[in-house]
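# Fold and contact review
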Amino acid sequence: MSSVTGERISVGRIGDSISRPDGTPKVQGSYAFSSDLSAENCLWGATLRSPHPSARIVSIDISGAYRIAGVEAVITAADVPGSPTYGLISSDQPVFAADVVRYVGEPIAAVAADHPETCRRALAAIVVVYEVLEPLVDPERAIDGSHPDIHPDGNVIRRQRIVCGDPDIVGDVVVEDDYEIGMQDQAFLGLEAAMALPDDDGGGVSLYVATQWLHEDQKQIAACLGVPLSKVRLTLGGVGGAFGAREDISLQVHTCLLALRTGRPVRIHYSREESFLGHVHRHPVRIWMRHHATSDGRLVKVEARMVFDGGAYASTSSAVLINGVTHAQGPYRCDNAVVDGYAVRTNNLPCGAMRGFGVVQACFAHEGQMDKLAAACGIDPVEIRLLNAMVTGDKLITGQIIENVAPVARCIRETAALPLPDEPVGGHDHDPMRLPGGAGRTADSSHIVRGIGFAVAIKNLMYSETFDDYSTARCRLSDGVVTLKFATSEVGQGFITIAGQIARSVLGFDTVVIDSIDTDVGSAGSTSASRQTWMSGGAVNAACIKVRDLLFAAVAVSHDVDPLSLAVDGGDIIAAAGVFRISALEAASGLSFDETVEYHHKPTEDLDENGQGNCHTAFAFVAHRAVVDVDPELGLVKVIQIATAQDVGRALNPLSVLGQIEGGIAQGLGLAVMEEIIMTNGHVRNPSFTDYLLPTFLDMPTVIASLIEEPDPFAPLGAKGVGEPPTISSTPAIVAAIRDAIGKPLNRVPVRPTDIIGLRAFPSI
Amino acid sequence: MSVIVPKSLSDALAALADNPDALVLAGGTDAMVEVNSGHRKPSHVIAINRVSELRSWTFDPVAATVHIGSGVTYAELMESPVAQLLPALAEASRTVGSPQIRHTGTLGGNLGTCSPAGDGLPVVSALDGMVHLASVAGDRSLSVHEFMVGVKRTARQPGELITGVTLPVLSGWQGYSKVGVRNAMVIALASTCLATDLDSRNVRLALGSVGPTILRCVEAEAFAAAVVSFESQSVSASDARRFGELAAAASRPINDHRATAEYRRHAIGVLASRLLRRAFPNE
Ligand SMILES: Cc1cc2nc3c(=O)[nH]c(=O)nc-3n(C[C@H](O)[C@H](O)[C@H](O)COP(=O)(O)OP(=O)(O)OC[C@H]3O[C@@H](n4cnc5c(N)ncnc54)[C@H](O)[C@@H]3O)c2cc1C
């Protein structure tokens with residue numbers, strides 16, 4: 001097994017496209033994911049979950065489970081010593097349901113036993129008597145108050161309005177429509193897994209877990225265990241993707257409780273089906289939008305109503321909602337707006353963070369509107385976007401001024417200028433695999449129509465609304481070896497690689513060791529919100545600069561040069577004038593430094609009741625153009641090409657940026673044409689990869705990308721976050737291309753074959 | 001749980017005679033899914049992938065038939081020369097799963113599972129294949145139409161092993177089409193196999209995923225045989241459309257979370273008429 005930390009990597013500085021240390025082991029199968037962890041004498045844990053979306057728990061009888069040989073512990077809500085609930089923003093989710101269950105899959109009990117099969121039998125032997133209740137599944141009923149509260153905190157998690165400029169102004173041209181976004185799953189490949197080791201004295205616990213934010217987990221676990229923070233230590237287990245689904249607690253508290261109860265190591269692994277039930281999803285949303293414009297296509301006002309279905313527990317719904325409503329205008333100048341948004345509670349699966357975080361939903365609607373507006377004004381879709389493109393200094397509908405680099409028009413122009421595919425439908429070699437239907441050979445070229453669609457997005461970076469999501473990094477230099485320590489979750493985005501590149505560039509040494517990623521250093525904040533390159537990159541950069549300055553001071557003394565004249569040049573330290581040059585290794589010989597730095601972004605504000613306030617930290621922009629072949633008779637599609645120009649600030653590792661662009665597009669494509677958790681009356685119909693479809697290689701288009709590098713003065717390295725933008729406007733671009741091909745409106749994602757053909761999506765009853 | 005790995009057919013049959021209800025494991029791409037999900041808890045497993053008699057195919061030029069051992073994989077069926085002899089089977093094999101599944105999954109396993117969505121089955125049905133079963137008590141062969149009894153139900157008796165299928169080599173065009181919501185590795189929402197025979201001048205059409213088991217479309221087949229021209233390889237656009245309508249009418253789809261019955265029926269009509277046009281490309 002190989003792990004990525006602790007390895008010495010000695011090549012690559014800022015700007016180099018070096019490949020990642022975890023890449024080859026992952027492809028070869030030797031990478032240690034957290035599900036590969038094991039310890040001597042380790043027990044297996046498993047979770048009993050509710051089969052009902054809404055029910056009262058009449059009784060729980062665990063005695064049957066205890067009678068099974070090999071069962072070491074059975075725990076329920078009564079066994080939670082500390083806080084009975086947890087949550088990222090509000091602590092509203094029970095560790096185990098006690099009186100009521102609020103969604104299918106809600107944990108009720110957990111067992112620890114000698115074998116997974118023993119666990120399975122133990123779970124089957126627990127008898128829970130339910131009084132089944134009518135579930136609340138329609139978000140509108142959560143708003144109109146026609147369903148009793150399903151939680152003491154009420155059925156509306158948050159409502160936020162934005163009123164800006166003249167709310168009554170009317171444009172020459174008005175277009176409106178309803179949009180719907182289905183529930184997408186993050187569908188990371190490395191399933192939830194953790195192992196907890198109890199301390200010898202039973203007072204604390206060490207947890208190895210695949211997570212996005214070690215310190216937030218630590219805080220919530222310690223509260224539920226009722227122990228001080230210092231009694232809970234977390235180490236990052238190998239993570240196989242996250243995309244938001246590892247931001248909330250899932251198995252962390254259960255695993256720790258079982259380890260403390262049994263005094264033995266315990267590991268829990270979710271199955272794929274359990275994973276679908278055990279983590280939060282992308283919010284399904286219904287959006288109404290009305291756009292007003294002048295007759296020549298300039299935006300006058302945006303009106304919107306957005307309803308985010310948060311499911312049973314709050315998770316990050318209130319923040320997702322804020323992202324949705326504050327991004328309703330898209331990357332376009334607009335002086336007037338009336339936006340009303342709700343995040344509501346239902347008995348559907350809980351929803352929270354997923355790549356794009358509320359902006360995916362807003363963008364699908366505003367880009368549909370921009371195309372409608374273009375048609376109504378008789379302007380080309382690309383032209384109308386250029387006409388309205390925002391620039392640095394523009395004011396958003398929240399009153400916030402965009403201070404970041406904002407190359408929106410450049411993103412649009414460069415995307416539009418990228419070459420269109422030069423091949424006809426089916427390719428030059430008439431390969432049937434390249435037609436919609438792919439391996440199924442459903443079509444011949446004559447059945448296919450091609451369409452082109454365009455979409456543009458704005459995305460906030462980092463956390464919002466006064467949250468200080470700082471990051472910490474420690475840099476040690478000893479005998480010419482640099483060791484970096486941080487708690488930044490490497491979830492597959494490549495931060496470990498970037499951190500080494502930063503250190504090598506700042507300090508001039510080749511050898512950088514990445515220390516274990518754990519809670520023995522301060523928080524790094526979450527690996528989410530496209531923030532780690534900026535935040536943890538900023539912290540690593542600052543810590544390395546501090547060490548470099550100490551080294552310069554030492555060199556200045558020993559060589560009698562002005563420390564302020566020193567600089568790093570490759571592997572050397574030089575004086576600016578160029579006469580003095582010494583290798584960094586030689587200069588550092590016998591010296592050691594150890595510096596820890598916190599990096600904070602500028603403070604942000606809350607929104608007031610009219611949605612006004614400088615709530616966001618920074619922004620990035622992107623444009624996508626999709627070319628899609630459609631079989632209108634069968635409703636099948638094949639995305640042929642995606643062209644994109646993305647505002648990246650500065651590409652610290654262009655290969656890594658491209659990886660994010662391609663991966664983000666794959667996820668955006670999934671939402672556009674296939675990925676959806678289908679729920680009926682609170683029950684999940686497709687919790688497996690047989691029926692929850694992810695794009696395969698045959699579904700992925702050619703991607704051509706142009707990186708727009710205008711270093712951002714606010715970013716510590718000029719680099720903007722690049723993880724989320726690719727997934728945001730790729731979805732509406734693909735849908736626009738399908739609309740273009742078939743000439744019909746499509747206002748819902750994922751687009752289903754029946755939507756394209758014009759058949760009903762559900763059987764008539 | 002006992003696992004037996006016989007190396008010969010006679011050993012396999014003997015093992016099966018000892019435990020007639022043992023789980024026969026070929027590629028395991030259906031069986032292990034069932035085991036892992038807890039739907040099946042076998043106490044005995046007989047793994048047959050080392051039984052060499054089951055792992056090859058043979059062409060009989062005199063009878064113009066191909067015998068395919070039950071352990072032949074999809075990947076092998078996609079290779080020439082068998083792919084040239086049975087093009088529809090090769091096309092159907094290419095639609096199955098991913099490369100990993102095609103290198104492990106077998107035609108025998110497809111028959112053993114007998115899912116209405118099994119991609120090999122419409123081809124075997126359209127070609128009126130014979131399924132061969134063996135046990136220590138003796139061998140028997142039956143038409144695939146008798147073998148497939150219902151949704152995941154076959155005429156195989158406890159103690160019997162599927163040893164292979166025999167398919168005729170026809171002289172006309174044949175092909176397979178399958179609709180799913182993804183361009184690869186997807187369960188068929190609707191599928192069709194069309195096979196034509198110039199010698200006997202007939203057209204066969206079998207439908208997958210739109211009934212409890214694979215359906216043949218007798219009416220559509222008779223209609224096609226009457227309206228197409230085998231000499232000029234032609235069919236009129238309206239006759240191709242009518243053929244599709246007859247196929248759709250013969251389908252008996254259900255609504256489920258994967259698709260509506262209405263969509264499946266519609267798709268059958270489109271696929272059938274497109275396949276007829278591929279077989280008879282001239283107007
Ligand atoms: C990811 C994935 C994708 C898939 N995609 C497709 C697809 O696109 N199309 C499709 O049709 N199928 C698909 N399948 C299902 C499966 O691959 C096929 O049905 C395959 O043909 C099964 O063959 P096997 O050799 O793996 O059978 P096994 O799983 O070994 O056996 C299947 C059943 O047949 C019985 N059996 C097998 N051989 C014999 C024998 N010789 N005698 C008696 N009984 C026997 C077994 O006992 C078992 O009940 C997929 C499966 C997976 C996991």
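Residues numbered from 1 in each chain as written. Chains lettered and ligands numbered in written order. Predicted model: local features only at pLDDT ≥ 70, side-chain atom pairs only at ≥ 80, totals over all residues. Heavy atoms only, no water.

What follows covers the overall build of chain A. When its secondary structure is counted, chain A shows 18 helices and 32 strands. For chain A, the C-alpha radius of gyration of 27 Å lies close to 27 Å, the compact-globule estimate for 765 residues. The principal-axis extents of the C-alpha atoms in chain A amount to approximately 75 × 75 × 60 Å. By residue count, 63% of the 765 residues in chain A fall in the buried class. Sequence separation of at least 24 residues holds for 80% of the intrachain contacts in chain A that already meet a minimum separation of 6. For chain A, the exposed surface amounts to about 26000 Å²; the carbon and sulfur share of it is 52%. (Helix = DSSP H or I, 4+ residues; strand = E, 2+ residues; numbered from the N terminus. Rg over C-alpha atoms; globule rule 2.2 N^0.38 Å. Buried < 20%, exposed > 50% of the residue type's maximum accessible area, 1.4 Å probe, protein only. Contact = heavy atoms within 4.5 Å. Areas by Shrake-Rupley, 256 points an atom, 1.4 Å probe, with all protein chains shown as cover.)

This paragraph deals with the packing of helix 15 (residues 654-673) of chain A against helix 17 (residues 730-742) of chain A. All names here are of chain A. Contact geometry for helix 15 and helix 17: axes closest at 8 Å, N-to-C directions at 50°. In terms of orientation, helix 15 and helix 17 fall into the oblique class. Between helix 15 and helix 17 lies a crossing whose hand is right-handed. Between helix 15, through Gly-664, Ile-665, Gly-668, Leu-669, Leu-671, Ala-672 and Val-673, and helix 17, the contact on the second element is made entirely by Ser-730, Thr-731, Ile-734, Val-735 and Ile-738. Looking at side-chain class alone, the contact of helix 15 with helix 17 contains 8 nonpolar, 4 polar and no charged residues. (Axes fitted to C-alpha atoms, helices over the stretch in contact; angles between N-to-C directions. Parallel < 35°, antiparallel > 145°, perpendicular 65-115°, else oblique. Left-handed = near helix turned anticlockwise from the far one by under 90°. Nonpolar A, V, L, I, M, F, W, Y, C, P; charged D, E, K, R; others polar.)

At the junction of the two partners, chain B supplies 32 residues and chain A supplies 41 residues. In this assembly, chain B packs against chain A so that about 2900 Å² is buried in total across both faces, 54% of it on carbon and sulfur atoms. At the junction of chain B and chain A, the tally comes to 6 salt bridges. Across the salt bridge formed by Glu-262 of chain B and Arg-760 of chain A, the nearest N and O atoms sit 3.7 Å from each other. Taken together, the links from chain B to chain A amount to 19 residue pairs in polar contact (both at pLDDT 80 or more). Of all elements in the fold, only helix 2 (31-36), helix 5 (87-95), strand 11 (174-179) and helix 12 (261-279) of chain B reach the threshold of two or more residues within the side of chain B that touches chain A. Element by element, the count of residues in the side of chain B that touches chain A is highest for helix 12 of chain B, at 8 residues. (Buried area = accessible area lost by both parts, 1.4 Å probe. Salt bridge = Lys/Arg side-chain N within 4 Å of Asp/Glu carboxyl O. Polar contact = N/O pair within 3.5 Å; in protein donor to acceptor, adjacent residues only side chain to side chain.)

All names here are of chain A. With respect to topology, 4 strands assemble into an open sheet ordered 19-27-28-31, the strand pairing being mixed. Of all the strands in the sheet, just strand 19 (449-461) and strand 31 (702-708) have a single pairing partner and so form its edges. Neighbour to neighbour, the strand axes of the sheet diverge by 20° on average, direction disregarded. Here strand 27 (residues 618-631) runs beside strand 28 (residues 636-647); their pairing, made up of 10 bridges, is antiparallel. Across the sheet, Asp-631 pairs through a bridge with Leu-636, a residue of strand 28. (Pairing = 2+ DSSP bridges.)

Another aspect to go through is the site of the ligand. All names here are of chain B. Close to the ligand lie 32 residues; Val-24, Thr-29, Asp-30, Tyr-74 and Asp-119 are nearest. One nitrogen or oxygen atom from the side chain of Thr-29 is found 2.5 Å from an oxygen atom belonging to the ligand. Ala-31 is positioned such that a nitrogen or oxygen atom in its backbone is 2.6 Å from an oxygen atom of the ligand. For the ligand, the accessible surface in isolation is 970 Å², of which the surrounding protein chains cover 88%. (Near = heavy atom within 4 Å.)

A few words now on the layout of surface pockets. Residue and element names in this part refer to chain A. Empty space within the second largest pocket amounts to approximately 1200 Å³. Forming the walls of the second largest pocket are 47 residues, and the residues nearest its centre are Glu-676, Ile-678, Met-679, Arg-748 and Phe-762. Tallied by class, residues from the lining of the second largest pocket come to 25 nonpolar, 11 polar and 11 charged. (1 Å grid on protein atoms, 1.4 Å probe; cavity = no way out; pocket = protein on both sides within 12 Å on 5 of 7 lines; lining within 4 Å. Points joined across faces, edges and corners; volume = space filled by probe spheres on them.)

As a further point, take the sheet that holds strand 25 (residues 581-583) of chain A. All names here are of chain A. Spatial ordering of the open sheet is given by 23-24-25, a layout of 3 strands whose pairing is antiparallel. If you trace the sheet from one side to the other, it starts and ends with strand 23 (566-569) and strand 25, each paired once. Direction aside, neighbouring strands of the sheet carry axes that sit 25° apart on average. Across the sheet, helix 13 (residues 532-559) touches strand 23, strand 24 (572-575) and strand 25, and the angle it forms with strand 23 is around 115°.

Successive side chains on a regular strand alternate, one facing one side of the sheet and the next facing the other. Residues and elements named next belong to chain A. Pairing of strand 23 with strand 24, which is carried by 4 bridges, proceeds in the antiparallel orientation. The partner of Leu-566 across the bridge, within strand 24, is Ala-575. Between strand 23 and strand 24, which pair antiparallel in sequence order, lie 2 residues; one of them, Gly-570, sits at a positive phi of approximately 60°.

So, about the pattern of salt bridges. Close approach of charged atoms lets side chains of opposite charge pair. Enumeration according to the criterion identifies 59 salt bridges over all chains in this entry. Of the charged contacts in the structure, one is a salt bridge between Asp-371 of chain A and Arg-739 of chain A, with a shortest N-O distance of 3.9 Å. Remark: Arg-739 of chain A occurs in helix 17 and Asp-371 of chain A occurs in helix 9 (residues 359-377); sequence separation between them is 368 residues. Judged by its relative accessible area of 14%, Arg-739 of chain A falls in the buried class. One salt bridge in this structure joins Glu-221 of chain B and Arg-216 of chain B, with 2.7 Å as the shortest N-O distance.

Residue and element names in this part refer to chain A. Parsing chain A into structural domains produces domain 1 (34-134 + 208-267), domain 2 (410-456 + 618-765) and domain 3 (470-599). Computed over C-alpha atoms only, the centres of domain 1 and domain 3 are separated by 40 Å. Every contact between the two is made by 15 residues of domain 1 and, on the other side, 16 residues of domain 3. The junction of domain 1 with domain 3 conceals about 1200 Å² of combined surface from both sides, 52% of it contributed by carbon and sulfur atoms. Applying the counting criterion to the domain 1 and domain 3 interface returns 0 salt bridges. Joining domain 1 to domain 3, the criterion identifies 10 residue pairs in polar contact (both at pLDDT 80 or more). Breaking the side of domain 1 that touches domain 3 down by element, the ones donating at least two residues are helix 5 (214-225) and strand 14 (232-236). A total of 5 residues in the side of domain 1 that touches domain 3 trace back to one element, the largest contributor, which is strand 14. (Domains from an automatic or database assignment.)

Here we come to a nonpolar patch on the surface. All names here are of chain A. A cluster of nonpolar side chains, contributed by Val-58, Val-127 and Val-129, occupies part of the molecular surface with about 220 Å² of accessible area. Summarising the element assignment, Val-127 is placed in strand 9 (residues 127-132). Classification of Val-127 by relative accessible area gives partly exposed; the value is 44%. (Patch = residues over 30% accessible without salt bridge, like charges linked within 9 Å, V, L, I, M, F, W, Y side chains within 5 Å.)

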